[in-house]
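# Geometric and topological summary
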Amino acid sequence: MANALYGKGREKFLTGDIAWDTDNIKVSLVDTGTYTVVIDTHEFYSDLSGVVADSGNLASKTVALGVADAADVTFSSVTGSSAEALVIWKDTGVAATSPLIAYIDTATNLPVTPNGGDITVAWDSGSNKIFKL
């Protein structure tokens, strides 16, 4: 599967239920041997399986011309299964109401095998940054 925005996540942007610049947005390292993305029906964090690690809230988020960007993310002291994808989501504090935003499986340094050290995700510096609506 190529990088994509979740269909229900796109709906939530259009209805104002996701505000990239002000909401708590996180990213997860995901093992695709356990999780199979269904881009148009998976809606919430509770639909995920194979989560290897979750980030803290993304920092320095920006929105310009429909392009979402943020500071690079570091996952600290990661152990567990290999991760072949990143899933970006809005954290509401409840897994069953935290909407999925984006699925990324083609990025520099993916897949990654945790070894107990830190894993840094450096977002694309091209014109589409993390993603473009």
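Everything discussed here concerns the structure shown above.
Everything numeric here is computed off the predicted structure, so don't read it as measured data.

## Some remarks on the overall build of the protein
Within the protein one finds one helix and ten strands. Going residue by residue from the N terminus, the α and β elements of the protein occur as β-α-β-β-β-β-β-β-β-β-β. Taken over the C-alpha trace, the protein has a radius of gyration of 14 Å; the compact-globule value for 133 residues is 14 Å, and the two agree within 12%. Projected onto the principal axes, the alpha-carbon positions of the protein cover approximately 40 × 30 × 30 Å. Expressed as a percentage of the 133 residues in the protein, the buried residues total 44%. Across the protein, contacts joining residues at least 24 apart in sequence account for 76% of those joining residues at least 6 apart.

## Things to note about the packing of aromatic side chains
On inspection of all chains with the given rule, the structure shows four aromatic pairs. In this structure an aromatic cluster arises from ring pairing among Phe13, Trp20 and Phe131.

## Topic: the side chain of Ser98
The residue Ser98 is located in the loop between strand 7 (85–90) and strand 8 (100–104) in this model. Taking the relative accessible area as the measure of exposure, Ser98 reaches 1% and is therefore buried. Only 3.0 Å separates the side chain of Ser98 from the backbone nitrogen of Thr92, close enough to count as a polar contact. Apart from residues lying up to four places away in sequence, Ser98 is in contact with Glu43, Phe44, Tyr45, Trp89, Lys90, Asp91, Thr92 and Gly93.

## Regarding the pattern of salt bridges
Considering all chains together, one arrives at three salt bridges under this definition. Across the pair Glu43 and Lys12 runs a salt bridge, and its minimum N-O distance is 2.6 Å. Of the two residues, Glu43 sits in the loop between strand 2 (25–30) and strand 3 (51–54) while Lys12 sits in helix 1 (residues 7–15), which places them 31 residues apart along the sequence. When its relative accessible area of 13% is taken as the criterion, Lys12 is described as buried. Across the salt bridge formed by Asp91 and Lys26, the nearest N and O atoms sit 2.8 Å from each other.

## Here we look at unusual backbone geometry
Cis rather than trans, the peptide bond between Leu110 and Pro111 has omega equal to 0°. Positionally, Pro111 belongs in the loop between strand 8 and strand 9 (119–121). Of note in this structure, Ser60 is not a glycine but carries a positive phi near 55°. Take Ser60: it is sitting in the loop between strand 3 and strand 4 (62–64). Backbone geometry places Leu65, a non-glycine residue, at a positive phi of 55°. Structurally, Leu65 can be placed in the loop between strand 4 and strand 5 (67–69). Judged by relative accessible area, Leu65 falls into the exposed class, the value being 83%.

Conventions adopted
Residues numbered from 1 in each chain as written. Predicted model: local features only at pLDDT ≥ 70, side-chain atom pairs only at ≥ 80, totals over all residues. Heavy atoms only, no water. Helix = DSSP H or I, 4+ residues; strand = E, 2+ residues; numbered from the N terminus. Rg over C-alpha atoms; globule rule 2.2 N^0.38 Å. Buried < 20%, exposed > 50% of the residue type's maximum accessible area, 1.4 Å probe, protein only. Contact = heavy atoms within 4.5 Å. Phe/Tyr/Trp six-rings, centres within 6.5 Å; stacked < 30°, edge-to-face > 60°. Polar contact = N/O pair within 3.5 Å; in protein donor to acceptor, adjacent residues only side chain to side chain. Salt bridge = Lys/Arg side-chain N within 4 Å of Asp/Glu carboxyl O.

In short, shape yes, function no, at least from these values alone.
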